[in-house]
Amino acid sequence: MPLLDGIKCPVCGVEFADGDDVVYCPDCGTPHHRECYKTAGHCVNAGLHKTGYNFYDENIKKAEKPAEAQPNNTTPDGFYIPKQEDKQTQGEAPFSPFMAAPAPSFGKEYDGQSIDDVPAKDIAAAVRTNTNRFMPLFRKFGENGKKAGWNWGAFIFGPYYLLFRKMYAQGIGLLCIQGAISYLGSYFMATKAPKFTETMQNIMTASKGVVSQLDMEALQATNDFAVATKISAIMLAVLLVIRVITAFFADRIYFGTIKNLVKDVNEKLKDGASFSAVPTMMNVPQQELDEEQMKLLYLSRRGGTSMFAALLGYLALSIIQML
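These remarks concern the structure in this document. All of these numbers come straight from a predicted model, not from anything done at the bench. (Residues numbered from 1 in each chain as written. Predicted model: local features only at pLDDT ≥ 70, side-chain atom pairs only at ≥ 80, totals over all residues. Heavy atoms only, no water.)

1. Describing the packing of helix H7 (residues 168-192) against helix H8 (residues 194-207)
Working step 1: Between H7 and H8, the least distance of the axes is 5 Å, while the angle of their chain directions is 110 degrees. Here H7 is positioned roughly perpendicular relative to H8, judged by the angle of their axes. Taking contact as the criterion, the partners of Met189, Ala190, Thr191 and Lys192 in H7 are, on H8, Pro194, Phe196 and Thr197. (Axes fitted to C-alpha atoms, helices over the stretch in contact; angles between N-to-C directions. Helix = DSSP H or I, 4+ residues; strand = E, 2+ residues; numbered from the N terminus. Parallel < 35°, antiparallel > 145°, perpendicular 65-115°, else oblique. Contact = heavy atoms within 4.5 Å.)

In structure tokens:
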């Protein structure tokens, strides 16, 4: 197989050998192992077909040029050309198996714009939902140095909103704070208002969670009812202050989270990382996307929202409070 000496399959990265079952893309001539081609579902360079990309022409040109004169891995039109020695972005694929790819014009309204030196189109892709609210707000953060705002979702749902928006570190931290406050409240109730605590436990056990008027009178008749009321008021006040602070700074924290995600992905791409499309499931048609479009899909998958994370956080805190 002289023509393929030293050439690697673009899917598995293994050099072609004599006897290999090889198929060639009819549009650009890129060789693949037959099984690898079936796995990918299309030519790995499908996104470059419209640029006139030809596998053998590109390889001949590269062979004729000295190593230091190599181009910066893009075509004249700005499309990224993946190389076999490029490292892959670890642990992620740009397509979700349960959703169709967005249209190629995804984020087109932000072409050429930037926010705090980060491409606005990339930020919009990472936000993915409710961009009409977040993009103007992020622009104010970037241009005016605004530090705070107000987010009703963060005020009402607290840590669950942060987890929903994939601010995992902040959401888990806030859950831990709420859990600690709940634990301290129970501790002070048990030590400072033992009669009230005992009566409440007896009522909850006997009534299965339903408190009647007579039960309330029994609670009020305990000699440490006033102490229990003060402890409850202090707990509620502390939790309210935390919610207000969260609501003020949630958007700013989210802006930093999205910026860090976009910068991390773009830095990896500059270092030579690339994306490879994977087949979709549920009979979703496979789209031919270039490297830029696959990057936007990757950002939308890494960003966006996660209802599962919010529900998991709620369940975790509920279990801790019952212990």
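That covers the picture; the talk isn't over yet.
2. Some details on the nonpolar core
Working step 1: Judged by nonpolar contacts, the single largest core of 32 residues is most densely connected at Ile123, Phe138 and Ile258.
Working step 2: Looking at this core, the elements that each hand over two or more residues are helix H3 (120-127), helix H4 (131-144), helix H6 (159-164), H7, helix H10 (225-270) and helix H11 (291-302).
Working step 3: It is H10 that contributes the most residues to this core, nine residues altogether.
Working step 4: In this structure Phe138 touches Ile115, Ile123, Val127, Asp251, Tyr254, Phe255 and Ile258, once residues within four positions along its chain are discounted.
Working step 5: Ile7, Cys43, Tyr53 and Phe55 belong to the second-largest nonpolar core, a separate cluster that totals 12 residues. (Core = buried A, V, L, I, M, F, W, Y, C linked by side-chain atoms within 4.5 Å. Buried < 20%, exposed > 50% of the residue type's maximum accessible area, 1.4 Å probe, protein only.)

3. Remarks on the packing of aromatic side chains
Working step 1: Taken as a whole and judged by the stated rule, the model has 13 aromatic pairs.
Working step 2: Arranged with centres 6.0 Å apart and planes meeting at 50 degrees, the rings of Phe196 and Phe225 form a pair that is tilted. One end of the pair, Phe196, is in helix H8; the other, Phe225, is in helix H10, with 29 residues separating them in the sequence.
Working step 3: Grouped by ring-pair contacts, the aromatic residues Phe134, Phe138, Phe141, Tyr254 and Phe255 constitute a single cluster.
Working step 4: A cation over a ring is seen here: Arg133 above Phe134, with NZ or CZ 5.0 Å from the ring centre. (Phe/Tyr/Trp six-rings, centres within 6.5 Å; stacked < 30°, edge-to-face > 60°. Lys NZ or Arg CZ within 6 Å of the ring centre and 35° of its normal.)

4. So, the pattern of salt bridges
Working step 1: For the coordinates displayed, the defined rule picks out nine salt bridges.
Working step 2: We note a salt bridge from Lys268 to Asp264, for which the minimum N-O separation is 3.6 Å. Of this pair, Lys268 and Asp264 are both found in helix H10, four residues apart, which corresponds to roughly one turn of the helix.
Working step 3: A salt bridge links Glu292 to Lys295; its shortest N-O distance comes to 3.6 Å. Placement of the pair is Glu292 and Lys295 together in helix H11, with a separation of three residues, close to one helical turn.
Working step 4: A single salt-bridge network, built from bridges that share partners, covers Asp111, Lys121, Asp122, Glu292 and Lys295. (Salt bridge = Lys/Arg side-chain N within 4 Å of Asp/Glu carboxyl O.)

5. A closer look at the packing of H4 against H10
Working step 1: It is the contact of H4 with H10, at a shortest axis distance of 10 Å, that shows an interaxial angle of 90 degrees. Here H4 is positioned roughly perpendicular relative to H10, judged by the angle of their axes. Every residue of H10 that contacts H4 at Arg133, Phe134, Leu137, Phe138, Phe141 and Gly142 is listed here: Asp251, Arg252, Tyr254, Phe255 and Ile258.
Working step 2: Considered class by class, the residues forming the contact of H4 with H10 number seven nonpolar, one polar and three charged. (Nonpolar A, V, L, I, M, F, W, Y, C, P; charged D, E, K, R; others polar.)

6. Topic: the side chain of Lys259
Working step 1: For Lys259, the location among the structural elements is in helix H10.
Working step 2: Here Lys259 is in contact with Asp116 and Val118, once residues within four sequence places are set aside.

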